[in-house]
Amino acid sequence: MGLIASIIIDSVAYGMVLFVISIGLSITLGLMGFVNLAHGVFAMAGGYGAAWLMRTYGWSYELAALAAVALVALLAWPLQRLLYSRLQDRSDLDQVLFTIGLVFVGIAGMGVMFGNAITPLPLPEYLQGSVDLSFRVIPTQRIAAVVVGVLVLVALMWLLERTRFGIETRAAVEDADAARALGIRTARVYVMGFSLGAGLAALGGVIGAELLPLEPYYPLKYLVVLLAVVAVGGVGSPLGLFASALLLGTVETAAKYLVPSMSSIFFFATMLAVLAWRPAGLFGRAH
Amino acid sequence: MEQVLVTPKPRRLSLAGSLLPEGFLLLAGLLLFYAMPEDLGFATRILIGGLFALSLDLVLGYAGIVTLGHAAMFGVGAYAAGIFAIQVSGEPFLGLAVGAVAGAIVAAGSGVLVLRSHGLTSVMITLAIAQLLAEVASKWRSLTGGDDGLSGIAMSPLLGRFEFDFLGQTGFFYALTVLVLSFAVLRRLVRSPFGLTCVGIREDRERMAALGCRVNRHLTIVYAIGGAIAGIAGALSAQITQVVGLTSLGFAHSAEVLVMLVLGGTGRLWGALAGTLVFMVVHHFAAAVDPFRWMFVIGALLLVVVLFMRGGITGALLMVMRSHSRSVK
Amino acid sequence: MASSTRVLPLLALAAALVGSPVQAQQVVKVGIVGPFSGPFASSFGTPFRQGIEAYVAQNGEKAGSTRVEFVYRDLEGPNPERAKALAQELIVKEKVQYLGGFVFTPNALAVAPLIQSAKVPTVIFNASTSMILSKSDYFVRTSNTLPQVTVPVAKYALDMKVKRVVTAVSDYGPGVDAENAFRQTFQEGGGEIVESIRMPLNTTDFGPFLQKIRASKPDALFVFLPFGPPTFGFVKAFNDNGLKTAGIRFLGTSETQESDLQALGEAALKLETGYYYSAAHDSPQNKAFVETLAKVKATPNPATVAAFDGTHVLYKMIEATGGTANGAKAIEAVKGMAWESPRGPMKIDAQTRDVVQNVYMRVVEKLPDGRYVNRETKTYAAQPDYGLQLKK
């Protein structure tokens, strides 16, 4: 019984971190159909930014995290307007190549600025240590990640269902031409969506820094994992991504308990199985 | 990729004329040999890389299949040829055949999944297949040497006479011959109706289907041929360097060959070769410099090519030649 | 036409290898292959260079009357094809008489046939799989082997009356070797291996593994992980999941090496490891070594001292041959050589050409000035490579 409870707890914790890091990618992909392989760069930038602010200016964790997320979201705005938008209508291959180029530039930049070794992101007192659940302990930071994940999901659902921006976004996703015909400024929707996606990535980078440590090769190392979660979830669906993150997180975690050396293989096998069954992902729509 | 008129022109030529490009390639290879007699290992790797890039060009440039996991075919071919040499026979040409078959099988198998989907999903699948194969190779230590790599590959002399020597001369000419022959085959393939169909599918899938073309079957065959050639490149690598590592299957390898192809220009066979040559030569000399700056340069180059120089180096060269011939008229 | 193009390079090669028997060469080149870029640079590549330069700073550029010139080639990670190509380039084009470096086993294995036929002595600064040295008569090692440092850790566990151990290693060659070495020694001494866990290399979330381990309630945990994110993640999870507070001993080998120790910080406290070098080793040689490094703001690392001692071996080989290229003579000269290194006493075994040295048990402590160090607690003297004695 304790084993099952442990598996569930760890799966949820792991899945939530995966969710927060990849939700931004799902949004930009769903919204603009843009294959942004450089998503990891925004995540990494969030983490590095927060670490730098804490180290150089002595800011607190909360302040540095918020500032880093905001900064990344703000910087994403001109990036989309000036660069990404130019490739909006180009082929998948062009977008892949462009974003890989960005990944290389991002890695080089962070490497030069922060060096090769892992840059730690120091946690505040109340997030350190663990919470005792009598039959086991759970690191406090994991609980925080779960809380953040759920909040993000709720906030996003609200944003998409209840706000004007959300409605415009959904219209633009459904049929960009028709949306434009109705007077929706899709360019603005795209840039706001992209900015949101980047900010969420940065948040993921901060929250996930315990799990995915900050180092220059971060975007390449975790690219496959992030893409897997998004692909399985079905592009553009926050709920789908939530389900996918939980599914893949659970499969890998359960394997770690039961057949440790196969856990990685199970992750990819599950991904391939889901995609073979539903090529558009769990909640995706076939284009 | 929006190509600038890359449909190859089918035309008939005299026998000598139709062998001109191959002759040119052979000449270029010989020049390479005389340019770096003490660096034949490096020169041979350029040839093998060129062959690998050609195989990706067929799959990606001509048929439009986006893949980030092409190194899987290369690696499988390398391991197959290496294991064959160790456990069965050190005969080089047999090993090449084994590599080709291995690459083709992996491609045909994974093609079933890859080609059923598109966009992000299909790219994901190519990545995942390569990752899974790398995991299997890593775990199956008794067969592949695991992460120690496959070593102790001993080759029999080529054609029974030429030993694989220390300086790498035999290896170089072996690789050059295979490259020129493969180039000849590919050149005819892309000009044939089969090749033109690939381009058609790349440009407008629905129209081709409407014309009665069995798109998926066609693409699977192209993917398999590309896999076979990549497998041959891998086999060459295994036989000449006599060692195979897990990195041959890795994502870095797939990304590298993609960058080389794009720099040279997709959709043109010469693009694959030019891109490989330029990339590897520059890397050879720039490698001494800070690697992060190297990554920055490559990243920036990619951005520039995608934004402004579509068609890569060969595309830019052709544009220059065209505008020159126009101004001459 | 064909004959001259074949003969000329062969002649050049022959000349390079045989050298002139009449006069010694004034400059001897040594090729160093290592990860000077990429994720392993800070833990291996940079320390290699620093160790070499520290030795040169202390002993001058000349070995005997011959000037030594180091040629560096970058090899970012395990890549046997590239390793062989680089070695070939160094030997044929740069005409090096010796090779040094090599962090990863596959890279060392790849160059074995090459150095054997070219008779180029090669000093290994890190690669620690036992069987590497058996692949060529021209290999010498100045770092360590995995069994060499793992067997004492198992003996230490037995000495500390540890009865039940869980082993958790990364699922790759060195990890599996470490697991074998520990298990055999520990079981032979009467200990019980409760469970053996192999973790995939790309694992990011170690929580479940640690929870599993905690549930088995062992006395100690033996680990082997490659440096970098895996060690980082595992050590943090070890703390965060309450294993340290539950009193489970953490036994490892290279996980707390100096290049990563400060970054691990608080989480590394009280971890016990068995290894061949600690920067806090108390000896006059080490003091001088640390001071030389401090001048260039370098951290003393096991890789640094391995390169330092490797350079010592290279110098001795060059002296013994008077600067001429004679691989067999060079190797003979250093077989059985013993000296006092910054790590402690060390010797090159006359039969295996491998290193025989002290292995120290250390525990991580925090100094008053805030730095973390590996404080040596117990010495296992003159440990040979146990790899040959252990069953596969």
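Below, the discussion takes up the sheet that holds strand 6 (residues 139–141) of chain C. Working definition: the strands of a sheet are paired by backbone hydrogen bonds and lie parallel or antiparallel to each other. All names here are of chain C. Strand order in this open sheet of six strands is 2-3-1-4-5-6, and the pairing throughout is mixed. Whereas interior strands pair on both sides, the edge strands pair on one side only; in this sheet they are strand 2 (62–63) and strand 6. Bridging between strand 1 (residues 27–34) and strand 3 (residues 66–74) involves eight bridges; their strand directions are parallel. Bridged to Val27 within strand 3 is Arg67. Running at roughly 140° to strand 6, helix 4 (residues 105–118) makes contact with strand 4 (98–101), strand 5 (122–124) and strand 6 of the sheet.

Residues and elements named next belong to chain C. One can find Arg353 in the loop between strand 13 (344–348) and strand 14 (355–366). Asp137 provides the closest opposite charge to the buried, salt-bridge-free Arg353, at an N-O distance of 4.1 Å. Polar side-chain contacts of Arg353 include one of 3.4 Å to the backbone oxygen of Leu133. With near-sequence residues (within four places) excluded, Arg353 lies in contact with Leu133, Ser136, Asp137, Tyr138, Phe139, Val140, Arg141, Ile331, Lys335 and Ile348.

Here we take up empty space enclosed by the protein. Tallied over the full model, the rule gives six cavities of 30 Å³ or more. Quantified by volume, the largest cavity comes out at close to 130 Å³. Breaking the lining of the largest cavity down by element, the ones donating at least two residues are helix 5 (140–162) of chain A together with helix 8 (229–240) of chain C. Top contributing element to the lining of the largest cavity by residue count: helix 8 of chain C, with four residues. Partitioning the lining of the largest cavity into residue classes produces four nonpolar, five polar and four charged. As for the second largest cavity, its lining consists of Ile118(A), Thr119(A), Pro120(A), Leu121(A), Ala209(A), Glu210(A), Pro213(A), Leu214(A), Phe232(C) and Lys236(C).

With that settled, the discussion passes to the interface of chain C and chain B. Chain C puts 36 residues into the contact, and the matching count from chain B is 30 residues. In total, about 2,800 Å² of surface goes out of reach between chain C and chain B, with carbon and sulfur atoms giving 52% of it. Our count for the contact surface shared by chain C and chain B stands at three salt bridges. Measuring nitrogen to oxygen at the nearest pair gives 2.9 Å for the salt bridge that ties Glu38(B) to Lys95(C). Linking chain C with chain B are seven residue pairs in polar contact (both at pLDDT 80 or more).

All names here are of chain C. For Val165, the position within the fold is in strand 7 (residues 164–170). You can call Val165 buried: its relative accessible area is 0%. Separated by 57 residues in sequence, Val165 and Phe222 have C-alpha atoms that sit 7.0 Å apart. In contact with Val165, not counting residues within four places along its chain, are Phe182, Phe186, Glu192, Ile193, Val194, Glu195, Pro218, Ala220 and Phe222.

Glancing now at the pattern of salt bridges. Residue and element names in this part refer to chain A. This structure, assessed with the given rule, holds 32 salt bridges over all chains. Measuring nitrogen to oxygen at the nearest pair gives 3.1 Å for the salt bridge that ties Glu168 to Arg164. A residue pair is termed a helical-turn pair when its members lie 3 or 4 positions apart in one helix, as Glu168 and Arg164 do in helix 6 (residues 164–174) at four residues. Residue classification places Arg164 among the exposed residues on the basis of a relative accessible area of 65%. The shortest N-O distance in the salt bridge between Asp177 and Arg180 comes to 3.2 Å. Taken together, the residues Asp177 and Arg180, both in helix 7 (residues 176–181) and three residues apart, mark about one turn of the helix.

Taken together, the 36 residues of chain B in the interface contact 45 residues of chain A. Interface of chain B and chain A: buried area, both sides summed, is about 3,800 Å²; carbon and sulfur atoms make up 81% of it. Counting the contacts that link chain B with chain A gives zero salt bridges. For the side of chain B that touches chain A, the elements supplying multiple residues, two or more each, are helix 6 (120–139), helix 12 (251–264) and helix 14 (291–307) of chain B. The class makeup of the residues in the side of chain B that touches chain A is 25 nonpolar, six polar and five charged.

Scanning the entire structure with this criterion turns up 35 aromatic pairs over all chains. Judged by centre distance (5.9 Å) and plane angle (90°), the ring pair of Phe44(C) and Phe227(C) falls under edge-to-face. Linking Phe44(C) in helix 2 (residues 41–59) with Phe227(C) in the loop between strand 9 (220–224) and helix 8, this pair joins segments that are 183 residues apart in sequence. The same class applies to Phe44(C) as to Phe227(C), namely buried. Through pairs of rings, three or more aromatic residues link up here, namely Phe34(A), Phe42(A), Tyr84(A), Phe98(A) and Phe194(A). Directly above the ring of Trp277(A) sits Arg278(A), whose terminal nitrogen or CZ lies 5.5 Å from the centroid.

Conventions used here
- Residues numbered from 1 in each chain as written.
- Chains lettered and ligands numbered in written order.
- Predicted model: local features only at pLDDT ≥ 70, side-chain atom pairs only at ≥ 80, totals over all residues.
- Heavy atoms only, no water.
- Pairing = 2+ DSSP bridges.
- Helix = DSSP H or I, 4+ residues; strand = E, 2+ residues; numbered from the N terminus.
- Contact = heavy atoms within 4.5 Å.
- Axes fitted to C-alpha atoms, helices over the stretch in contact; angles between N-to-C directions.
- Buried < 20%, exposed > 50% of the residue type's maximum accessible area, 1.4 Å probe, protein only.
- Lys, Arg positive; Asp, Glu negative; His and termini not counted.
- Salt bridge = Lys/Arg side-chain N within 4 Å of Asp/Glu carboxyl O.
- Polar contact = N/O pair within 3.5 Å; in protein donor to acceptor, adjacent residues only side chain to side chain.
- 1 Å grid on protein atoms, 1.4 Å probe; cavity = no way out; pocket = protein on both sides within 12 Å on 5 of 7 lines; lining within 4 Å.
- Points joined across faces, edges and corners; volume = space filled by probe spheres on them.
- Nonpolar A, V, L, I, M, F, W, Y, C, P; charged D, E, K, R; others polar.
- Buried area = accessible area lost by both parts, 1.4 Å probe.
- Phe/Tyr/Trp six-rings, centres within 6.5 Å; stacked < 30°, edge-to-face > 60°.
- Lys NZ or Arg CZ within 6 Å of the ring centre and 35° of its normal.

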